[in-house]
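# Fold and geometry: a report
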Amino acid sequence: MGSRLHGGALVLHGGDLKQRSNDTDFRFRPDSDFHYLTGLAEPGAVMVLRPDHPQPFTLFVRPRDPKAEVWSGRRVGPEGAIEHFDADAAYPLDELAEELPKLLDGVREVFVPFGRQRLNQAVLRAIGSLHRANRSGKSPPETLHDARVTLGEDRVIKDDAALAALRHAVDITVDAHLEAFRATRAGMHEYEIEAIIEHAFRRRGSTGPGYGSIVGTGDNATILHYVENASVLREGELLLVDAGAEWDYFSGDLTRTVPVSGRFTPAQRDLYDVVLRANQAGIEAATVGSTIDAIHERCVRILCEGLIDLGLLDGPLDAALEQKTYETYYPHRTSHWLGIDVHDAGYYCIDGEPRPLQPRMVLTVEPALYVGANDERAPQSLRGCGIRIEDDVLVREDGPEVLTHRAPKDPDAIEALMGAIARR
């Protein structure tokens, strides 16, 4: 990280508690960049990283307060920041205004996430005080950079610790999906499936879901970010589950689509096979030197071919691709970076061109087809079917590794998992 700062200083804020209702707050989750660099998960904290300083890593945290800790939990305090988080120096938060100018004195460039108003104002006040003290020999910074750019580029290539955390998050995610699908029965509610999954996350030590769990049956599966999770599962419908566990704030991201009754209908299986072929081809394309755009284009071609074969799109294929008529059934992209944020940081294009994939990048491959309940062109047997198949993929020199490989996606394996034969 230090080499990316070019002798400058990085200032980050760990995030604040967010009000949920009246005088209650949401469970705290630290800022992703802050936690990535510090490992600290405590509201209000500020870090300053200045590699050329005698004390390169400084933390500002809430002071210990026995009375306050009775109400809102233990605090690490400045001493704990040094002892447990390897800070070279640590101060109470209320000393930030006094100490920050000292830490920025002599720095030409400051990296700070733009748009974080309170932190940005604190940095600007520190720079202002150094300007006023210039006659006394103080040297204020001259340039501000958006830290999100620098840190995004640092995070897009996963180190050993990041990969270990991500693998564990994915393993928990897969186990939870397997548990939920074994329990799936017509007559259950979507929220019961959600509860099974998130209970499995927590029971295995996860802090919970890395994003709002999507559990959609029937036409609900055609809503990309459906989160109501309130409908009843019915015989003959498909169930789409998109859920990922967090581990050390890294998130898995897995989607599988299964038949509620335990068996796909012939029409559902035809549609499913198209998406599966696209998923497999997209994974094969996740190689060093390829791009996320290339993965998307390969998947879209297969989806288009399938839609034409099923009579849902008019050909010829090249015209459908050029006119993007497939977007009625596939309106989103195929891949995104995966890491601490489920849609992780890092550029997708560099100098206007798609970014070549490098070893240790992790991305999703998630082609899908969504046939609306009111689609008059579609046969009745396909209306209200949403199918998405999503895997987490590690780019490697010797070919892609599917981190989510234990989650069945072959239709025969899915039917076996759900015990279709036993329930006939």
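Calculation rules
Residues numbered from 1 in each chain as written. Predicted model: local features only at pLDDT ≥ 70, side-chain atom pairs only at ≥ 80, totals over all residues. Heavy atoms only, no water. Helix = DSSP H or I, 4+ residues; strand = E, 2+ residues; numbered from the N terminus. Buried < 20%, exposed > 50% of the residue type's maximum accessible area, 1.4 Å probe, protein only. Contact = heavy atoms within 4.5 Å. Areas by Shrake-Rupley, 256 points an atom, 1.4 Å probe, with all protein chains shown as cover. Lys, Arg positive; Asp, Glu negative; His and termini not counted. Charge placed at Lys NZ, Arg CZ, Asp CG, Glu CD. Pairing = 2+ DSSP bridges. Disulfide = S-S within 2.5 Å. Core = buried A, V, L, I, M, F, W, Y, C linked by side-chain atoms within 4.5 Å. Phe/Tyr/Trp six-rings, centres within 6.5 Å; stacked < 30°, edge-to-face > 60°. Axes fitted to C-alpha atoms, helices over the stretch in contact; angles between N-to-C directions.

## What about the overall build of the protein chain?
Helix and strand content of the protein chain: twelve helices and 21 strands. Across its three principal axes, the protein chain shows a C-alpha extent of roughly 80 × 50 × 40 Å. Residue burial in the protein chain is summarised as follows: out of 424 residues, 52% are buried. When contacts within the protein chain are restricted to residue pairs at least 6 apart in sequence, those whose partners lie at least 24 apart make up 69%. Looking at the protein chain as shown, the accessible area adds up to about 19,500 Å², and 49% of this sits on carbon and sulfur atoms. Averaged over its 47 positive side-chain charges, the protein chain has a centre that lies 3 Å from the centre of its 67 negative ones.

## Some points on the pairing of strand β14 (residues 254-259)
Within β14, six of the six residues are buried, leaving the element largely enclosed by the surrounding structure. Here strand β11 (residues 238-243) pairs with β14 via six bridges, running antiparallel. Considered in β14, the bridge of D242 is made with T255.

## Side note on the state of the cysteines
Under the counting rule described, the total for this entry stands at zero disulfides. Between C299, a free cysteine, and C304, which holds the nearest cysteine sulfur, the sulfur-to-sulfur gap is 12 Å. Unpaired in this structure, C385 has its nearest cysteine sulfur neighbour in C304, at a distance of 19 Å. Under the relative-accessibility criterion, C385 is labelled buried at 5%.

## What about the side chain of H332?
Tracing the backbone through its elements, the reader meets H332 in the loop between α11 (317-323) and β15 (349-350). Not counting chain neighbours up to four residues away, the residues in contact with H332 comprise L224, H296, E366, A368, Y370 and R388.

## Describing the nonpolar core
Formed by 85 residues in total, the largest nonpolar core has its most connected members in I193, L239, L363 and L369. The element that contributes the greatest number of residues to this core is helix α7 (residues 160-183), accounting for eleven residues. Those residues in contact with L363, other than ones at most four positions away along the chain, are I292, I295, S335, H336, W337, L338, L357, D391, D392, V393 and V395.

## Quick look at the packing of aromatic side chains
Considering all chains together, one arrives at three aromatic pairs under this definition. With a centroid separation of 4.9 Å and an interplanar angle of 50°, the aromatic rings of F264 and Y272 are classed as tilted. Ring plane angle 10° and centroid distance 5.2 Å describe the contact between W337 and Y348, whose orientation is recorded as stacked. With W337 in the loop between α11 and β15 and Y348 in the loop between α11 and β15, this residue pair connects regions lying eleven residues apart in the sequence.

## Describing the sheet that holds β11
Pairing is antiparallel across the open sheet formed by three strands, whose spatial order is β10-β11-β14. Of all strands in the sheet, those bounded by a partner on one side alone are β10 (214-217) and β14. Strand-to-strand, the axes of this sheet are offset by a mean angle of 10°, without reference to chain direction. Where β10 meets β11, four bridges bridge the pair, whose relative direction is antiparallel.

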